[in-house]
Amino acid sequence: MEVTEVSDNKIQMENPSSFSLSSASTFDVMGNIQFKVADSSEVRFYPFIMANGSIVASSQLTIDAPATPMVRDTMTISVTDGTGASIDNAEVSFDANVIGNTNSTGKLTIYSRRAASIP
């Protein structure tokens, strides 16, 4: 795979050889990246990464945020890596808007002014 274009909302890659996706299958794209194909007559698939080693797992981020924030509530969002270490200065966005950066302990505390749900 070769990266051919990078922008704010996409990364485009091209594969020098062709491949096809089959219903109810998993396809290795490159390295740990795979496609999972639905068991359906419609073509539906999603990319995913298998994290079976400490190198991949330690580079993955964990984001901890309230599942149901309340209006006018103070909430804390925490960002850590796969080893549990805090991520300093991580940019946190919600609904395509930057809401702040984490502090040296990997936390961002915000005051909710309107109703929202954070997935």
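Scroll up to find the structure.
About the thresholds
- All residue numbers refer to positions counted from 1 along the written sequence of the respective chain.
- Thresholds applied to this predicted model are a pLDDT of at least 70 for local features of residues and 80 or more for the giving and counting of side-chain atom pairs; totals over whole chains, interfaces and linings are not thresholded and use all residues.
- To obtain the side-chain values, all non-hydrogen atoms of the structure were included, while hydrogens and water were left out.
- Numbering goes from the N terminus for both helices and strands, where a helix is a DSSP run of H or I of at least four residues and a strand is a run of E of at least two.
- Burial here depends on accessible area, computed with a 1.4 Å probe over protein chains only, as a share of the maximum for the residue type. Under 20% is buried, over 50% is exposed, and the range in between is partly exposed.
- Any pair of residues with heavy atoms lying within 4.5 Å of one another is described as a contacting pair.
- In this description, a nonpolar core means a group of buried Ala, Val, Leu, Ile, Met, Phe, Trp, Tyr and Cys residues linked to one another through side-chain atoms lying within 4.5 Å.
- At least two bridges found by DSSP between two strands are what make those strands a pair.
- The convention used is that axes are lines fitted to C-alpha atoms, helices contributing only their stretch in contact, and that angles between N-to-C directions extend from 0 to 180 degrees.
- Each patch groups residues whose relative accessible area exceeds 30% and which form no salt bridge, using 9 Å between like charges and 5 Å between nonpolar side chains of Val, Leu, Ile, Met, Phe, Trp and Tyr.
- Areas reported as accessible are Shrake-Rupley estimates using a 1.4 Å probe. Residue values count occlusion only from the protein chains shown.
- We define a salt bridge as a contact between a side-chain nitrogen of Lys or Arg and a carboxyl oxygen of Asp or Glu at a distance within 4 Å.

A. Molecular detail of the environment of Thr 62. The topology assignment puts Thr 62 in strand S6 (residues 61-64). Owing to a relative accessible area of 42%, Thr 62 belongs among the partly exposed residues under this scheme. Each C-alpha atom of the pair Thr 62 and Val 79 lies 5.7 Å from the other, and the pair is 17 residues apart in sequence. With sequence-adjacent residues up to four places away left out, Thr 62 is seen in contact with Ser 78, Val 79, Thr 80 and Asp 81.

B. Structural detail: the nonpolar core. Met 75, Ile 77, Val 79, Ala 90, Val 92, Leu 108 and Ile 110 together form the largest nonpolar core, which totals seven residues. For this core, the elements supplying multiple residues, two or more each, are strand S7 (74-81) and strand S10 (107-111). Of all the elements, S7 adds the most residues to this core, at three residues.

C. Representation of the sheet that holds strand S3 (residues 26-30) within the structure. If you walk across this open sheet you meet the three strands as S3-S4-S5, and the pairing is antiparallel. Two strands bound the open sheet, and with one partner strand each, they are S3 and strand S5 (45-49). Each strand axis lies, on average, 30° off the axis of its neighbour in the sheet, ignoring direction. Alignment of strand S4 (residues 33-37) against S5, held across five bridges, turns out to be antiparallel. Note on S5: the bridge partner recorded for Ile 33 is Ile 49.

D. Structural detail: a nonpolar patch on the surface. Together, Met 1, Val 3, Val 6, Ile 11, Met 13 and Met 30 make up a nonpolar patch on the protein surface, roughly 530 Å² of accessible area in all. Every element with two or more residues in the nonpolar patch is listed here: strand S1 (2-6) and strand S2 (11-14). The class of Met 30 is partly exposed, set by a relative accessible area of 31%.

E. Representation of the pattern of salt bridges. Per the stated rule, a full pass over the model turns up one salt bridge. Across the salt bridge formed by Glu 5 and Lys 10, the nearest N and O atoms sit 3.7 Å from each other. A relative accessible area of 34% means that Glu 5 is categorised as partly exposed.

Keep in mind that these numbers describe shape and distance, not what the molecule does.
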